[in-house]
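Residue-level structure breakdown
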Amino acid sequence: MSDKFDAGMSVRRQVLGDAHVDRAEANRNGFDTPFQELITEGAWGTVWAGDGISLRERSMLTLALLAAMGNFEEIPMHIRATARTGASKQDVLEAFQHVAIYCGVPRANHAIKLAKQTFDDMEKD
């Protein structure tokens, strides 16, 4: 594997946790292996592994972008990751408020609903 892949896998584990990554890796097969390698190198090995901003800031940006684009399926996973990135509940709310103003209240509202549910689940665990 490439240096980007190795860096990406390291950051991916740091942000999402070993259990999540181990489950994803166990579910990988020949069909999605090229895609998994692409996101590990591109998203995790390049964007998330950069040194220009902190993991906390990357977490906030990622959540805001997911909400703004309506990619709600990924929001709970990235809310759970805030426990490892250092983004607080207040940080998440601030990010979603930016989404409300610049991208639309309905998307921010749905993202906040998902965040509340996920934070509640995290507190129960």
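That block above? That's the structure.
To start, this report covers the structure provided alongside it. Since the model is a prediction, treat every value here as computed from it, not as a measurement.

As a packed pair, helix α1 (residues 3-16) and helix α2 (residues 18-27) sit with axes 6 Å apart at the nearest point and diverge in direction by 125°. The orientation of α1 with respect to α2, classified from their angle, is oblique. Across the interface between the two elements, Met 9, Arg 12, Arg 13 and Leu 16 from α1 touch Asp 18, His 20, Val 21, Asp 22, Ala 24 and Glu 25 from α2.

Running from N to C, α1 and helix α5 (residues 75-85) point in directions that differ by 95°, and their axes come no closer than 7 Å. Comparing the axis directions of α1 and α5 gives the class roughly perpendicular. Contacts from Gln 14, Val 15 and Leu 16 in α1 reach Met 77, Ala 81, Arg 84 and Thr 85 in α5. Grouping the amino acids of the contact of α1 with α5 by side-chain chemistry returns 4 nonpolar, 2 polar and 1 charged.

Empty space within the largest pocket amounts to approximately 400 Å³. Along the walls of the largest pocket sit 20 residues, with Ala 43, Trp 44, Glu 74, Met 77 and His 78 positioned nearest its centre. Counting residues per element, the ones that place at least two in the lining of the largest pocket are α1, α2, α3 (33-47), α4 (55-69) and α5. Among the elements that make up the lining of the largest pocket, the one with the highest residue count is α3 (6 residues). Counted by class, the lining of the largest pocket contains 13 nonpolar, 4 polar and 3 charged residues.

This next bit is on the pattern of salt bridges. In the structure shown here, the tally under the stated rule is 7 salt bridges. With its nearest N and O atoms 2.9 Å apart, the salt bridge here joins Asp 22 to Arg 13. Of the charged contacts in the structure, one is a salt bridge between Glu 25 and Arg 28, with a shortest N-O distance of 2.8 Å. A residue is classified by how much of its surface remains accessible, and Arg 28, at 18% relative accessible area, is buried. Overlapping salt bridges bring together Arg 12, Glu 25, Arg 28 and Glu 37 as one network.

Reading guide: rules and limits
- Residues numbered from 1 in each chain as written.
- Predicted model: local features only at pLDDT ≥ 70, side-chain atom pairs only at ≥ 80, totals over all residues.
- Heavy atoms only, no water.
- Axes fitted to C-alpha atoms, helices over the stretch in contact; angles between N-to-C directions.
- Helix = DSSP H or I, 4+ residues; strand = E, 2+ residues; numbered from the N terminus.
- Parallel < 35°, antiparallel > 145°, perpendicular 65-115°, else oblique.
- Contact = heavy atoms within 4.5 Å.
- Nonpolar A, V, L, I, M, F, W, Y, C, P; charged D, E, K, R; others polar.
- 1 Å grid on protein atoms, 1.4 Å probe; cavity = no way out; pocket = protein on both sides within 12 Å on 5 of 7 lines; lining within 4 Å.
- Points joined across faces, edges and corners; volume = space filled by probe spheres on them.
- Salt bridge = Lys/Arg side-chain N within 4 Å of Asp/Glu carboxyl O.
- Buried < 20%, exposed > 50% of the residue type's maximum accessible area, 1.4 Å probe, protein only.

By themselves these figures say nothing about function.
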